[in-house]
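# Inside the fold
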Amino acid sequence: MTQALFGKDGYELWMAYEPLHSAAAIHYLGLCATVTVADQGELARSAAVELKRALPRLLGSRAAVFTETDSFSDSPGHCIAGTYATLETLLPEGSIPAATRTHHAEGYQMCVTAKGSLCIASASERGLLYGVFDLLRRMSSGEIWVPGPVKSEPKLAYRMLNHWDNLDGSIERGYAGETLWQWAELPHTVDPRYTDYARACASVGINASVLNNVNTQYEILTTEYLKKTAAIASVLRAWGIQTFLSVNFASPKVLGGLSTADPLDDDVAAWWREKADEIYTLIPDFGGFLMKADSEGQPGPYAYGRTHADGANMFAKVLKPHDGIIIWRAFVYGHGETDRAKKAWADFTPLDGTFLDNVAVQVKNGPIDFMPREPAHPLFGAMDRTTLFMEFQIAQEYLGQGNHIVYLGPMWKETLDFDTHARGEGSTVGRLLSADPDHRNFTGAAAVSNTGSHPTWCGSHFHPLNLYAFGRLAWDYTLDTEEIAAHWLSQTFGHDAAFKEKILPMLMDSWEACIDYMTPLGLHHIMKEHHHYGPDPGFNGGAREDWRSTYYHRADKAGLGFDRTRNGSGAVDQYHPPVADMLNNVDTCPEKYLLWFHHVPWDRIMESGRTLKDELVYRYRRGVEKAEGMVRTWKSVQKLVDPRRYREVLEKLEIQAADAQEWEAVCTAYFMSFANQQ
Ligand code: BDP
């Protein structure tokens, strides 16, 4: 008989709002025992709802939330949240410091007035909502925040989740159960889970959601499904989230009965225009479309001799009158390219400058496909006249999926900090992404979501950390990933310092651990075919050469790695000269990318003094030891966590350690069979 275990199921994510320890509770009662939300619109109401849920839990029954401003007193212990327009009618002039004032539509300011009340002030209700979540984050992480002036503005305009959810309920590369969207019962039944999803997104600044898979089903554009979509959109809207859909390029043929989907055909454009009109009638603030075209079998403009720009611009024109945008993915490969890593750059850079101004080209973080570690995609910095959005993957398709606990914050940060040198030194991917030269506020980052119907939403009690971290970094890529994880830990597991002291370092090291036991030193794409879970470096079959492991690692008796230098595929030259030269030279190429760019002799002496052969063995072993260490670390905190979460996390970590052992065994045996031929 299974014993019911007491503890949290994880549903509340980082928003359980556990009672604060007494020092923090006293501190915050002195700051915001009562909070007045001074505006009355939909987003302000959501902020008030959240405060009403959170404050009594955090601070006890003395805390109160009001929406009528006559209950507000400008004095210590009171907090007022409002737009500038409202606050200026309530507070004496000069109460809100001009220096930290924000004019950004989503920004907010926090300050203390001369009389001692805490103020959350913003140009819009959206900013107000984010400011309230900021205060709640500070409180629920147990931090004693002494309010200095705070000004916070997002560095990217679109902070977006991409759901790869299918209409039959399954999720492509989903490892946390079925889809959140209950299509069969929509639009009449609206699952309360949508609200909790929207709250979670808003709490970390996510403001856009693409509901369905990039490999799309046509039905999504039928009136029936658009009405269902509209019901979801109404829930998301209240939390500042704009709804988007992935659409199929061939829809005019399949749904509209036209003989072509040629983007330059007038009837095709008219069909899309009519569809867009229908969508915007149902969802007035609809965001736009996400398109996967001419990629992995999806239809696209190539069939009609047209370019990606021809395709994207047709949609751009259709969406423009509605203020919608078209997000066109750059995930393309195949068609006679000798190195898959080179294809997107080769296809898209010639189109720079030809995309209309409401087109964003969405580029994966690296040139292959969400590997445990990739160098930044060379398209970043290569398309000066095109808006590029980042595409990360929260779902850990290639990083142990719903089982391995791997904190991805440091991985994303490595990409965002990658210096492309596109506009001289310091042209990091993060800077380029957030640059908004013509002040159109058209910048963005998306991530493939890891959410589903699983009780924890994301697959384990630790997987929500990656959802949280994506939102935080999309808001501000300069945030410290350790601080992000520390906040999340306290918000999720409570404020015990001993717990955090052990678990935070474990999380911070988890990504490097995963790289060590899966794909050290720049190895990539050696996972099992199709499902991509587990090692299969010998895989040499299947339909396409560039889906084979052997294509990527190129092990032979001389050495290991894909030669992408000027003597090999030449992919290095898709980077700007200083970076290209650095990567091209085996002595200056960082070891973390070595086998990505070089075919390296087994006896090459590495930085450690070991040969490549020995270093590889060493790294796999180190990865296993780290994974085993995670199990031990977790066992050491047993007393500090409830039994349910303790057991459920332990189960995952034990799978992870066993998988790491398998990776080591399979990969070292396989690679050594080449190295030992020398
Ligand atoms: C790969 C996935 C595949 C996706 C594709 C994409 O294996 O399921 O459809 O990316 O991004 O990572 O379109």
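Nothing here was measured: the structure is a model prediction, and the numbers come from that model. (Residues numbered from 1 in each chain as written. Predicted model: local features only at pLDDT ≥ 70, side-chain atom pairs only at ≥ 80, totals over all residues. Heavy atoms only, no water.)

With that settled, consider the domain arrangement of the chain. Many authors give the size of an interface as the accessible area that is lost as the parts come together. When its domains are assigned, the chain resolves into domain 1 (3-152), domain 2 (158-493) and domain 3 (514-562 + 599-675). In this assembly, 26 residues from domain 2 lie in contact with 29 residues from domain 3. Summed over both sides, the interface of domain 2 with domain 3 buries roughly 2500 Å², with 59% coming from carbon and sulfur. Taken together, the links from domain 2 to domain 3 amount to 18 residue pairs in polar contact (both at pLDDT 80 or more). In terms of residue class, the side of domain 2 that touches domain 3 is built from 10 nonpolar, 11 polar and five charged. (Domains from an automatic or database assignment. Contact = heavy atoms within 4.5 Å. Buried area = accessible area lost by both parts, 1.4 Å probe. Polar contact = N/O pair within 3.5 Å; in protein donor to acceptor, adjacent residues only side chain to side chain. Nonpolar A, V, L, I, M, F, W, Y, C, P; charged D, E, K, R; others polar.)

As a matter of local geometry, the ligand sits amid 13 residues, with Glu-172, Lys-292, Arg-329, Asp-369 and Glu-397 nearest to it. Glu-172 places a side-chain nitrogen or oxygen 2.4 Å from an oxygen atom of the ligand. In this structure, an oxygen atom belonging to the ligand sits 2.6 Å away from a side-chain N or O atom of Arg-329. Protein coverage of the free-state accessible area of the ligand, which is 320 Å², stands at 97%. Counted by class, the shell around the ligand contains three nonpolar, two polar and eight charged residues. (Near = heavy atom within 4 Å. Areas by Shrake-Rupley, 256 points an atom, 1.4 Å probe, with all protein chains shown as cover.)

Taken across its five residues, strand E5 (residues 118-122) has five buried, putting it largely inside the fold. Along E5, one buried face is formed by Leu-118, Ile-120 and Ser-122 and the opposite face, lined by Cys-119 and Ala-121, is buried too. With five bridges joining them, strand E3 (residues 78-83) and E5 adopt parallel strand pairing. Its bridge partner lying in E5, Gly-82 is registered against Ala-121. (Buried < 20%, exposed > 50% of the residue type's maximum accessible area, 1.4 Å probe, protein only. Helix = DSSP H or I, 4+ residues; strand = E, 2+ residues; numbered from the N terminus. Pairing = 2+ DSSP bridges.)

Now for the sheet that holds strand E10 (residues 288-291). Taken in spatial order, the eight strands line up as E7-E8-E9-E10-E11-E12-E13-E14 and close into a barrel, and their pairing is parallel. Strand after strand, the sheet turns through a mean of 25° between neighbouring axes, direction not considered. With five bridges joining them, strand E12 (residues 359-364) and strand E13 (residues 387-393) adopt parallel strand pairing. Bridge pairing in E13 places Val-363 opposite Met-390. (Axes fitted to C-alpha atoms, helices over the stretch in contact; angles between N-to-C directions.)

In this structure the tally under the stated criterion is 42 salt bridges. Where Lys-343 meets Asp-347, a salt bridge forms, and the shortest distance between an N and an O atom there is 3.3 Å. With Lys-343 and Asp-347 both in helix H10 (residues 343-348), this residue pair falls four residues apart, about one helical turn. A residue is classified by how much of its surface remains accessible, and Lys-343, at 9% relative accessible area, is buried. Among the salt bridges present, the one from Arg-566 reaches Asp-573, with a minimum N-O distance of 2.9 Å. Three or more residues joined by partner-sharing salt bridges are found here, namely Glu-50, Arg-53, Asp-196 and Arg-199. (Salt bridge = Lys/Arg side-chain N within 4 Å of Asp/Glu carboxyl O.)

Moving on, we come to the packing of aromatic side chains. Applying the stated rule across the entire model yields 39 aromatic pairs. Here Phe-493 and Trp-634 contribute two aromatic rings whose centre-to-centre distance is 6.1 Å and whose plane-to-plane angle is 75°, an arrangement assigned as edge-to-face. Taken together, the residues Phe-493 in helix H14 (residues 481-493) and Trp-634 in helix H19 (residues 612-636) connect sequence positions 141 residues apart. For the pair formed by Phe-493 and Trp-634, the shared burial category is buried. Three or more aromatic residues joined by ring pairs make a cluster, and in this case those are Phe-249, Trp-271, Trp-272, Tyr-280, Phe-286, Phe-289, Phe-315 and Trp-328. Across from the ring centre of Trp-145, 4.6 Å away, lies the NZ or CZ of Arg-138, which sits over that ring. Cation over ring: Arg-554 sits above Phe-562, and NZ or CZ is 3.9 Å from the ring centre. (Phe/Tyr/Trp six-rings, centres within 6.5 Å; stacked < 30°, edge-to-face > 60°. Lys NZ or Arg CZ within 6 Å of the ring centre and 35° of its normal.)

Our focus in this paragraph is H19. Helix length check: H19, at 25 residues, gives a terminal C-alpha distance of 35 Å against a target of 36 Å (1.5 Å per residue), a fit within 8%. Listing the buried residues of H19 in full gives Leu-612, Glu-615, Leu-616, Arg-619, Tyr-620, Gly-623, Val-624, Ala-627, Gly-629, Met-630, Val-631 and Trp-634. Buried residues along H19 sit against H14, helix H15 (497-518), strand E15 (559-560), helix H18 (594-597), strand E16 (600-601) and helix H20 (643-675). (Expected span 1.5 Å × (residues − 1).)

We now examine the nonpolar core. Core analysis: the biggest nonpolar cluster contains 220 residues, and Trp-634 and Phe-671 have the highest contact counts within it. Among the elements that make up this core, the one with the highest residue count is H20 (13 residues). Not counting chain neighbours up to four residues away, the residues in contact with Trp-634 comprise Phe-462, Phe-493, Phe-499, Ile-503, Val-641, Arg-645, Tyr-646, Val-649, Leu-650 and Leu-653. (Core = buried A, V, L, I, M, F, W, Y, C linked by side-chain atoms within 4.5 Å.)

Attention shifts here to the sheet that holds strand E1 (residues 34-37). In space, the six strands of this open sheet follow the order E2-E1-E3-E5-E4-E6, with mixed pairing throughout. Sheet topology places strand E2 (64-66) and strand E6 (150-152) at the edges, where each strand pairs with a single neighbour. Sheet twist, expressed as the average angle between the axes of neighbouring strands with direction ignored, equals 15°. The strands that helix H1 (residues 22-32) touches are E1, E3 and E5; relative to E3, the one it contacts most, it runs at about 55°.

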